Amino acid sequence: MISNEEIENFLQGNDDEKYIIGVEYDYVKDCVWKIIEDPIHGKQIKKDTFIPFAWVGDLRGLNFYQSSKALQKEAMTKHKIVIEKLRTDGNERLEKGLTFMVKSLNGYRSLIQFFRDGGVDPWGEKTKGLILILPPVEQFLVTKEKRLFKGFDDYNSITRFVFDLETTALEPKDGRIFMIGMKTNKGFSQVIECSNEEQEREGIIKFFNTIDELKPSIIASYNGFNFDWFWIFERAKALKLDIKKVAKTLNPINPIKQSESMLKLANEVERFNQTSMWGYNVIDTLHAVRRAQAINSSIKSAGLKYITQYIKAEAADRVYIDHTDIGPFYSKKEEYWLNIQNGKY
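Looking at the overall build of the protein
Within the protein one finds eleven helices and 14 strands. Seen along its three principal axes, the alpha-carbon backbone of the protein occupies a region of about 80 × 45 × 45 Å. Out of the 345 residues belonging to the protein, those deemed buried represent 38%. Of all intrachain contacts in the protein linking residues separated by at least 6 positions in sequence, the fraction that spans at least 24 positions is 58%. If you sum the accessible surface of the protein, you get close to 21,200 Å²; carbon and sulfur atoms cover 51% of it. Considering the protein, the positive charge centre built from 50 side chains and the negative charge centre built from 49 side chains are found 4 Å apart.

Notes on the sheet that holds strand β5 (residues 81-85)
Spatial strand order, β5-β6-β4-β7: four strands in an open sheet with antiparallel pairing. In this open sheet, the two edge strands, each paired with only one partner strand, are β5 and β7 (131-132). With four bridges joining them, strand β4 (residues 53-56) and strand β6 (residues 100-104) adopt antiparallel strand pairing. Across the sheet, the residue bridging to valine 56 is phenylalanine 100, located in β6. Contacts from helix α4 (residues 108-117) reach β4, β5, β6 and β7 within the one sheet, and its direction differs from that of β6 by about 120°.

As for the sheet that holds strand β9 (residues 177-184)
If you walk across this open sheet you meet the five strands as β10-β9-β8-β11-β14, and the pairing is mixed. Each edge of the open sheet carries a strand with a single partner, namely β10 (189-193) and β14 (281-284). Averaged over neighbouring strand pairs, the angle between their axes works out to 20° when direction is ignored. The sheet contact formed by β9 and β10 spans five bridges and is antiparallel. Among the inter-strand pairings, glycine 181 is bridged to a residue of β10, identified as valine 191.

Comments concerning the nonpolar core
In this structure, Phe115, Phe207, Phe208, Trp229 and Met277 are the most contacted members of the largest nonpolar core, which totals 68 residues. For this core, the leading source of residues is helix α7 (residues 224-238), giving six residues. With residues up to four places along the chain from it excluded, the contact list for phenylalanine 115 reads Ala54, Val56, Leu59, Phe64, Val102, Val120, Pro122, Ile131 and Ile133. Membership of the second largest hydrophobic core comes to six residues, among which are Tyr222, Leu286, Ile299 and Ala302.

Here we look at the environment of tyrosine 27
If you trace the backbone, tyrosine 27 turns up in the loop between β1 (20-26) and β2 (31-38). In this structure tyrosine 27 comes out as partly exposed when scored by relative accessible area, which is 48%. On a C-alpha basis, the gap between tyrosine 27 and glycine 97 in space is 30 Å, while along the polypeptide they are 70 residues apart. The contacts of tyrosine 27, once residues within four sequence positions are left out, are Tyr108, Arg109 and Pro136.

Analysis parameters
Residues numbered from 1 in each chain as written. Predicted model: local features only at pLDDT ≥ 70, side-chain atom pairs only at ≥ 80, totals over all residues. Heavy atoms only, no water. Helix = DSSP H or I, 4+ residues; strand = E, 2+ residues; numbered from the N terminus. Buried < 20%, exposed > 50% of the residue type's maximum accessible area, 1.4 Å probe, protein only. Contact = heavy atoms within 4.5 Å. Areas by Shrake-Rupley, 256 points an atom, 1.4 Å probe, with all protein chains shown as cover. Lys, Arg positive; Asp, Glu negative; His and termini not counted. Charge placed at Lys NZ, Arg CZ, Asp CG, Glu CD. Pairing = 2+ DSSP bridges. Axes fitted to C-alpha atoms, helices over the stretch in contact; angles between N-to-C directions. Core = buried A, V, L, I, M, F, W, Y, C linked by side-chain atoms within 4.5 Å.

Below, the structure written as structure tokens:
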């Protein structure tokens, strides 16, 4: 029987290291880099290592290393493989599962190559249910028993940067960015106005320079992966800006990038383009709402206006303007009377 204390220690991380806000795996050097936001010393990056592992079942039916123990032992020596038999305590279900832990003292890439040299793809259809390999960052956290954000009383202690774009059209090919709003939970607030393409170009540069100066741990937007980041990448391309040079990450060797990813929602999956900046947690808070929607039928919409009202975070004098009117209202520079009691104008 597992005690509550053991469960609590597992959830909190048995390792005492604090203030880790992110972990990046280095495929070239086969190590991890811990990104730390120390309340006293500020942002730090520290190198660490781990012993990669895989949970493995019975591979005899796959002709692993031509079913030759001699070839397998030779490969184990080459890749510094250690194999441990896991406890099953006579449980029939466990006996038929992943009963071995395979480790490589040479590193993660060597572990993967050990399986491939034996003629099997660790992520292939034939090995489904027979080999389970966690991503390197997860392996590091598991083996070292560390936990992200340990040491922070609450998330207000972590520097969070939020931004929002205003555009003259729905598609980047039809318009431009005319405003970039930026704010942190540490008192910083700024709006970049862009009246023409040259100012838009300068605005995108200033946006990334601000991130580089503040070095927040979290960069957040609402529907940012589908809209804001898409606009930034497309408009940078149209304005002949090299976004990989303009957007400085915490590791110059690893530039900003976009890659296809999946958002799991109960029994469904939604695909999106993930924006990644080495050393930063780039998130889209819409995803949190979509996950909540999947398990809470009372949430009828994921729209920002609806959610703001749903969680009762709406300011009494909040003004709502149709998205098609925001650009024209801004360009006209007209003055309006505002009813601060109900937000009408």
